[in-house]
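# Per-entry structural report
As a plain string of letters, each chain reads:
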Amino acid sequence: LGLVLVCGASGAVAGQRRLRVTGQRSLAFGTMLPGLSRSVSRTDPLNSGMFNVQASRFLQIQLVFSLPTVMQGPGGATLPLSFGADDAGFSASQSVASQIGFDPRAGFVATMGARNQAAVFLGGTATPQASQRAGSYTGTVTLTVVYLP
C-alpha cells in the first residue's frame with residue numbers, strides 16, 4: 001500500500017500584517033502491509049508533513065489543524081488514521097530537530113521568532129486492516145493560522 005497524506009494550508013491577513021502558510025512536504029507513510037500499523041514521527045526529516053509559515057516577527061499566532069480520520073483509496077476503500085498528543089511540532093527556526101511538540105487535535109498558540117518564517121511539522125499513524133485493499137490512499141490536512149490580538 002502506498003500512502004501519502006496531502007498537506008493543504010490556509011492563512012489570514014490581519015490589517016497590515018501579512019500571513020502566508022504553504023504546504024512544504026506531505027506526510028508520507030510509504031509502503032505498508034495489511035494489518036500492520038505505521039507511525040511517522042513529527043521529527044522524521046523525510047516523512048513528516050511540513051508547513052512553512054511566514055508571519056510578522058515576535059507576534060503570537062494560533063495554529064489549528066483539520067485532520068481526517070481516514071484516507072481514501074481505490075474503489076471507495078478507506079484506511080484509518082489517528083493523531084496523538086505529541087504528533088505536531090512548531091519550530092521558529094524551521095528545524096525538524098528543534099520543535100515544541102503539541103497535540104494537533106487542539107489549537108496551539110506559538111510566538112514567531114526573530115525571523116519572519118517558522119515551520120509546523122505533523123506526524124501520525126495509519127492502521128490498515130488485515131483485508132486492506134492494495135493501492136494508493138490520500139487524505140487532506142488543513143492548517144489554519146491566524147494572528148492573535
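Residues numbered from 1 in each chain as written. Predicted model: local features only at pLDDT ≥ 70, side-chain atom pairs only at ≥ 80, totals over all residues. Heavy atoms only, no water.

On to the overall build of the protein chain, then. Regarding its fold elements, the protein chain presents zero helices and 14 strands. Put simply, the protein chain runs from its N terminus to its C terminus through helices and strands in the order β-β-β-β-β-β-β-β-β-β-β-β-β-β. Going through the 149 residues of the protein chain one by one, you find that 40% of them count as buried. Of all intrachain contacts in the protein chain linking residues separated by at least 6 positions in sequence, the fraction that spans at least 24 positions is 74%. If you sum the accessible surface of the protein chain, you get close to 7,000 Å²; carbon and sulfur atoms cover 52% of it. (Helix = DSSP H or I, 4+ residues; strand = E, 2+ residues; numbered from the N terminus. Buried < 20%, exposed > 50% of the residue type's maximum accessible area, 1.4 Å probe, protein only. Contact = heavy atoms within 4.5 Å. Areas by Shrake-Rupley, 256 points an atom, 1.4 Å probe, with all protein chains shown as cover.)

A few words now on the pattern of salt bridges. Evaluation of the coordinates by the stated rule reveals two salt bridges. Of the charged contacts in the structure, one is a salt bridge between D86 and R42, with a shortest N-O distance of 3.3 Å. Here D86, found in the loop between β8 (78–82) and β9 (88–91), pairs with R42, found in the loop between β4 (38–40) and β5 (49–54); they are 44 residues apart in sequence, far enough to count as distant. Among the residues examined, D86 registers a relative accessible area of 44% and is labelled partly exposed. (Salt bridge = Lys/Arg side-chain N within 4 Å of Asp/Glu carboxyl O.)

Consecutive side chains along a regular strand alternate between the two faces of the sheet. The buried fraction of β5 amounts to five of the six residues, a majority that puts the element mostly inside the structure. Note: strand β2 (residues 20–25) against β5, five bridges, orientation antiparallel. Its bridge partner lying in β5, G23 is registered against F51. (Pairing = 2+ DSSP bridges.)

Further remarks concern the confidence of the model for the protein chain. With 89% of its residues at a pLDDT of 70 or more, the protein chain shows a mean pLDDT of 88. Per-element confidence in the protein chain ranges from a low mean pLDDT of 46 for strand β1 (residues 2–10) to a high of 98 for β9. Overall, residues 5–9 carries pLDDT values under 50, and its contacts beyond four positions in sequence, including any with other chains, amount to 31 contacts. (pLDDT = per-residue confidence, 0-100.)

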